[in-house]
Amino acid sequence: MIREAVLDDAEEICRLCSNDLGYDCKEDYVKARLTHLNRDRECVFVAEMEQKIVGFIHVERYELLYLPVMANILGLAVSSLARRQGVGAKLIDEAKQWAAQNDISTMRLNSGKARTEAHEFYRRNGFDHEKEQIRFIAKI
């Protein structure tokens, strides 16, 4: 079952970010973000199996000066225990439906270079490899 995330999902979303994406996730931060989501431009969906959250997707409206608006997948994780069961594809389908409801016809995402299994998954779900980038971050 796919549904919109609620505040009580923060712990499980954080667990997925930590265990399956390798991020140093803090539950309080996830709770704060879920509380203050700008529902006019972003949405988080979770996937449940047997009343347990096994995946999530965070999608946003992505507006640029030089291209038509796109939907941007900010985060997608599926528990290692639930992979290869269609969970990720269903989450992407839900994000695509959200995009269509918001008059968006193109979806994009970034994926780390080392996540080769994820890259194959994205290709199987209709994404093409457009270009390679280097991400720069500055503390301010």
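I will try to describe carefully the structure that is included in this document.

Procedures and definitions
- Residues numbered from 1 in each chain as written.
- Predicted model: local features only at pLDDT ≥ 70, side-chain atom pairs only at ≥ 80, totals over all residues.
- Heavy atoms only, no water.
- Helix = DSSP H or I, 4+ residues; strand = E, 2+ residues; numbered from the N terminus.
- Expected span 1.5 Å × (residues − 1).
- Buried < 20%, exposed > 50% of the residue type's maximum accessible area, 1.4 Å probe, protein only.
- Arc of directions from axis to C-beta.
- Contact = heavy atoms within 4.5 Å.
- Axes fitted to C-alpha atoms, helices over the stretch in contact; angles between N-to-C directions.
- Parallel < 35°, antiparallel > 145°, perpendicular 65-115°, else oblique.
- Left-handed = near helix turned anticlockwise from the far one by under 90°.
- Nonpolar A, V, L, I, M, F, W, Y, C, P; charged D, E, K, R; others polar.
- Phe/Tyr/Trp six-rings, centres within 6.5 Å; stacked < 30°, edge-to-face > 60°.
- Pairing = 2+ DSSP bridges.

## So, helix α3 (residues 87-101)
For α3, built from 15 residues, the straight-helix expectation of 21 Å at 1.5 Å per residue is met to within 8% by its first-to-last C-alpha distance of 21 Å. Every buried residue belonging to α3 is among V87, G88, L91, I92, A95, W98 and A99, and all of these are buried. Down the axis, α3 shows its buried residues gathered within 135° of arc, on one side only. In α3, the exposed residues that point more than 90 degrees away from the buried face are K90 and Q101. Where α3 is buried, its residues meet β1 (2-4), β2 (42-49), β3 (52-62), β4 (70-78), β5 (107-109) and α4 (116-124).

## Quick look at the packing of helix α1 (residues 10-21) against helix α2 (residues 27-35)
Put simply, α1 and α2 touch, their axes get as near as 9 Å, and they point 120° apart. Comparing the axis directions of α1 and α2 gives the class oblique. Read as a crossing pair, α1 and α2 show a hand that is right-handed. Listed contacts from α2 to A10, E11, I13 and C14 of α1 are E27, V30, K31 and L34. Split by residue class, the contact of α1 with α2 holds five nonpolar, no polar and three charged.

## Observations concerning the environment of K96
Turning to its location among the elements, K96 is positioned in helix α3. Sequence separation of K96 and V59 is 37 residues, and the distance between their C-alpha atoms is 9.2 Å. Discounting chain neighbours no more than four positions away, the residues touching K96 are M107 and N125.

## Quick notes on the packing of aromatic side chains
Counted under the stated rule, the structure contains two aromatic pairs. When the ring of Y122 is compared with that of F127, the centres are 5.9 Å apart and the planes differ by 75°; the resulting orientation is edge-to-face. F127 matches Y122 in its accessibility class, with the two residues each being buried. Put simply, the rings of F121, Y122 and F127 touch in pairs and so form one group of aromatic residues.

## Examining the pairing of β3
Where burial is concerned, most of β3 is hidden: eight out of the eleven residues are buried. As judged from the eight bridges shared by β2 and β3, these two strands associate in the antiparallel manner. Each bridged residue has a counterpart across the sheet, and for M49 the counterpart in β3 is K52. Following β2, the chain reverses through two residues before pairing antiparallel with β3; E50 in that reversal takes a positive phi of roughly 55°.

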